[in-house]
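# Understanding the architecture of this molecule
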Amino acid sequence: MDPKEIGARIKQAYPQYANVDETVLGTKYLQKYGGAVSGVQTGKLKMSDIPETQRVGVSLGIEAPPQTAEKTQINEVRDTMANIDTVL
């Protein structure tokens with residue numbers, strides 16, 4: 001996890017941090033939530049294992065898994081079929 005990238009996400013979600021350096025913000029985030037984020041990403045923790053008051057914070061550091069080409073194609077076919085159904 002790149003602290004600068006995390007800091008940018010935090011700034012988008014919380015405009016009150018606009019004047020804080022992204023790297024500093026991301027570093028502080030990782031100090032607080034880094035262990036929980038790593039646990040969720042590796043599958044050792046479930047989001048339900050995280051206390052409710054910290055789930056939003058932890059979710060900022062979790063990246064969506066990249067889609068495989070096959071999943072992307074399936075989604076495109078589904079979208080196309082849905083569009084065809086709405087026209088007919």
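This text gives an overview of the structure that appears in the document. Since this is a predicted model, take the numbers as computed values, not measurements.

## So, the packing of aromatic side chains
- Tallying each qualifying case throughout the model produces two aromatic pairs.
- Taking the centre distance of 6.5 Å and the plane angle of 75° together, the rings of Tyr-14 and Tyr-17 count as edge-to-face.
- Residue Tyr-14 is classed as partly exposed on the basis of its relative accessible area of 30%.
- Between Tyr-29 and Tyr-33 the ring centres are 5.1 Å apart and the planes differ by 40°, which places this aromatic pair in the tilted class.

## Quick word on the packing of helix 2 (residues 22-42) against helix 3 (residues 52-60)
- Relative to each other, helix 2 and helix 3 sit at 95°, their axes nearing to 9 Å. With respect to each other, helix 2 and helix 3 are oriented roughly perpendicular. Counting all contacts with helix 2, which are made through Tyr-29, Tyr-33, Ala-36 and Val-37, the residues of helix 3 involved are Gln-54, Gly-57, Val-58 and Leu-60.
- Residues belonging to the contact of helix 2 with helix 3 are distributed by class as follows: six nonpolar, two polar and no charged.

## Considering the nonpolar core
- Counting eleven residues, the largest nonpolar core is built from Ile-6, Ile-10, Leu-25, Tyr-29, Tyr-33, Ala-36, Val-37, Val-40, Ile-50, Val-58 and Leu-60.
- It is helix 2 that contributes the most residues to this core, six residues altogether.
- Ignoring anything within four residues of it in the chain, the contact list for Ile-6 reads Met-1, Gly-26, Tyr-29, Leu-60 and Gly-61.

## Brief notes about the environment of Gly-39
- Structurally, the position occupied by Gly-39 is in helix 2.
- Accessibility expressed as a relative area gives 9% for Gly-39, which makes it buried.
- Taking C-alpha positions, Gly-39 is 9.9 Å from Ile-50, a pair spaced eleven residues apart along the chain.
- In contact with Gly-39, not counting residues within four places along its chain, are Lys-44 and Leu-45.

## Some points on the packing of helix 1 (residues 3-13) against helix 2
- Direction vectors running N to C along helix 1 and helix 2 enclose 95°, while the axes themselves pass 7 Å from each other. It follows that helix 1 is roughly perpendicular to helix 2 by the angle criterion. Taken together, the residues of helix 2 that come into contact with helix 1 (itself represented by Pro-3, Lys-4, Ile-6, Gly-7, Ala-8, Ile-10 and Lys-11) are Glu-22, Thr-23, Leu-25, Gly-26, Thr-27, Tyr-29 and Leu-30.
- Broken down by class, the residue content of the contact of helix 1 with helix 2 amounts to seven nonpolar, four polar and three charged.

Conventions adopted
- Residues numbered from 1 in each chain as written.
- Predicted model: local features only at pLDDT ≥ 70, side-chain atom pairs only at ≥ 80, totals over all residues.
- Heavy atoms only, no water.
- Phe/Tyr/Trp six-rings, centres within 6.5 Å; stacked < 30°, edge-to-face > 60°.
- Buried < 20%, exposed > 50% of the residue type's maximum accessible area, 1.4 Å probe, protein only.
- Axes fitted to C-alpha atoms, helices over the stretch in contact; angles between N-to-C directions.
- Helix = DSSP H or I, 4+ residues; strand = E, 2+ residues; numbered from the N terminus.
- Parallel < 35°, antiparallel > 145°, perpendicular 65-115°, else oblique.
- Contact = heavy atoms within 4.5 Å.
- Nonpolar A, V, L, I, M, F, W, Y, C, P; charged D, E, K, R; others polar.
- Core = buried A, V, L, I, M, F, W, Y, C linked by side-chain atoms within 4.5 Å.

Any functional reading would require information beyond the geometric quantities listed.
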